[in-house]
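Structure at a glance
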Amino acid sequence: MFPPLPKTFPDLIRSKFNSAVDSGSLTFTESTEEDVPAEDFRIRVAPSLAQKPVPKKVEDDATPKPKFNPFLYPEPGLFLCDLGDRYSLILNKFSIVPYHFLCITKEFEPQNAPLSEEDLNATWECLQANVKSGSRLLAFYNCGEFSGASQAHKHIQFIPVPHEVKLIPDVALAYGVPVSKDAIGQFPTSHPDVPFAHFVLPVPKSPTTEDLVMRFSSLLARTLTTLREHDQRSISFNFAMTKDWMFVAPRCQEMYEGVSVNATGMVGLLLAKSEEQLDLIKKTGPLKVAVKVGLPRITGDEQQHDY
Ligand code: B4P
């Protein structure tokens, strides 16, 4: 495990966030929120995000240049602190919720690799920070070409989510149906009413490194099996975690009808970048949008089981 983050980290992130907004290092986009309680989803609507500059694709250029990597030399105005020798914590440059921060590797490591033991320890350490009162932190990792990731350098993201917001994994743990025992003896659960494949395991109060690795390995093994069962060659998935649980959902598409979905969408927090996208999500239904970008749940996988 890592040495704990300094007690002053929550003050640091708040003061850095305010100064980064004031200096223009950080673009904060106002948004509104709409609930879809019947489906346990919330939709964040941020129309001005559509104007965010999109990096030009390498193949569009006559003389191809390597794609700019914003995490190799992070902007000083966004830098928070180092975490051990291997990671830095920085503010997200394009936030729609205050205090959104990223844990990035100091050296380049690929975003399409699964989380390592050290990554999981770093994630756990960051989750301890109380950056906003009345909220808990949600960690997420978009892995692979269909996961909604836009940057190729390894980064795990953190956003504060109000305590009263119940996410799909919270419901899966409370009322979920355990899926059958996996190769390493764990019993992940799934939300009873969610038709896309996803797997959740509880995290103990003070987990050891082995507790974190065993849980991630179990969820990943289940995800890889699901991708194989659906003949998906690309290994793409979304990972999310709080102090209470870990969640993984396999992915087969980055977007549905122009609506890009990342890990936040798969745990019940979809993002609409225009009123048109909001209408489309509401008309289609958030669950159906998530099924289209994820994979349908294989029926018959569930099994009643006593923990
Ligand atoms: P990725 O894993 O590559 O992709 P992403 O989260 O889907 O973000 P994307 O960049 O596609 O943003 P989008 O318009 O969809 O993450 C890359 C991260 O690095 C992003 O957080 C990005 O903003 C950040 N970044 C890029 N350049 C940077 C730089 N120079 N310095 C520091 N950080 C940099 O969405 C906009 C934002 O809203 C994203 O941050 C996204 O994570 C967040 N978001 C999406 N859905 C949300 C929801 N429901 N609630 C709250 N936030 C949400």
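The name recorded for the chain in an unreviewed UniProt entry is HIT-like domain-containing protein, from Lipomyces orientalis.

On to the overall build of the chain, then. The number of helices and strands found in the chain is seven helices and 17 strands. Here the chain has a C-alpha radius of gyration of 19 Å; the compact-globule value for 307 residues is 19 Å, and the two agree. Residue burial in the chain is summarised as follows: out of 307 residues, 50% are buried. When contacts within the chain are restricted to residue pairs at least 6 apart in sequence, long-range pairs at least 24 apart make up 70% of them. For the chain, the exposed surface amounts to about 14,600 Å²; the carbon and sulfur share of it is 53%. Charge separation in the chain, taken as the distance between the mean sites of 31 positive and 38 negative side-chain charges, equals 1 Å.

In this section: the site of the ligand. Lining the immediate environment of the ligand, one finds 30 residues, of which N92, S150, Q151, Q157 and L269 sit closest. Contacts to the ligand include Q151, whose backbone N or O atom sits 2.9 Å from an oxygen atom. A distance of 3.1 Å separates an oxygen atom of the ligand from a polar atom in the side chain of N262. Relative to its unbound accessible surface of 870 Å², the ligand loses 94% to contact with the protein. Sorting the residues of the shell around the ligand by element identifies β5 (87-91), β8 (135-143), β9 (155-162) and β17 (269-272) as the ones contributing at least two each. Residue classes in the shell around the ligand are distributed as 15 nonpolar, 10 polar and five charged.

For the rest of this paragraph, the subject is the packing of aromatic side chains. Taken as a whole and assessed by the stated rule, the structure comprises six aromatic pairs. Between F216 and F237, the ring centres sit 6.5 Å apart and the planes meet at 50°, which makes this aromatic pair tilted. Taken together, the positions of F216 in helix α4 (residues 209-229) and F237 in strand β13 (residues 237-241) put the pair 21 residues apart, joining distant regions of the chain. Aromatic side chains F216 and F239 sit 5.5 Å apart centroid to centroid with 80° between the ring planes, which places their arrangement in the edge-to-face category. Here F216, found in helix α4, pairs with F239, found in strand β13; they are 23 residues apart in sequence, far enough to count as distant. An aromatic cluster is defined as three or more aromatic residues linked by ring pairs; in this entry it consists of F9, F101 and F158.

Another aspect to go through is the sheet that holds strand β2 (residues 32-36). Either a parallel or an antiparallel arrangement is found when strands of a sheet pair, and the pairing is made through backbone hydrogen bonds. With respect to topology, three strands assemble into an open sheet ordered β2-β3-β17, the strand pairing being mixed. Two strands in the sheet have a free side with no partner beyond their single neighbour: β2 and β17. Direction aside, the axes of adjacent strands within the sheet are offset by 25° on average. The pairing of strand β3 (residues 41-45) with β17 spans four bridges and is parallel. Following the sheet pairing, R44 is matched in β17 by L271. Relative to the sheet, helix α6 (residues 275-284) contacts β2, β3 and β17, its axis offset from that of β17 by approximately 140°.

Core analysis: the biggest nonpolar cluster contains 45 residues, and F9, L89, F101 and F239 have the highest contact counts within it. Among the elements that line this core, the one with the most residues is helix α2 (residues 117-127), at five residues. L138, V261, A263 and L278 belong to the second-largest nonpolar core, a separate cluster that totals 35 residues.

A few words now on the environment of L220. Within the fold, L220 resides in helix α4. Taking the C-alpha atoms as reference points, L220 and F247, separated by 27 residues in sequence, lie 9.5 Å from one another.

Before going further, it helps to examine the side chain of S25. Within the element layout of this structure, S25 appears in the loop between α1 (9-23) and β1 (27-28). Since its relative accessible area comes to 15%, S25 is described here as buried. A polar atom in the side chain of S25 sits 3.1 Å from the side chain of S23.

Thresholds, definitions, all that
- Residues numbered from 1 in each chain as written.
- Predicted model: local features only at pLDDT ≥ 70, side-chain atom pairs only at ≥ 80, totals over all residues.
- Heavy atoms only, no water.
- Helix = DSSP H or I, 4+ residues; strand = E, 2+ residues; numbered from the N terminus.
- Rg over C-alpha atoms; globule rule 2.2 N^0.38 Å.
- Buried < 20%, exposed > 50% of the residue type's maximum accessible area, 1.4 Å probe, protein only.
- Contact = heavy atoms within 4.5 Å.
- Areas by Shrake-Rupley, 256 points an atom, 1.4 Å probe, with all protein chains shown as cover.
- Lys, Arg positive; Asp, Glu negative; His and termini not counted.
- Charge placed at Lys NZ, Arg CZ, Asp CG, Glu CD.
- Near = heavy atom within 4 Å.
- Polar contact = N/O pair within 3.5 Å; in protein donor to acceptor, adjacent residues only side chain to side chain.
- Nonpolar A, V, L, I, M, F, W, Y, C, P; charged D, E, K, R; others polar.
- Phe/Tyr/Trp six-rings, centres within 6.5 Å; stacked < 30°, edge-to-face > 60°.
- Pairing = 2+ DSSP bridges.
- Axes fitted to C-alpha atoms, helices over the stretch in contact; angles between N-to-C directions.
- Core = buried A, V, L, I, M, F, W, Y, C linked by side-chain atoms within 4.5 Å.

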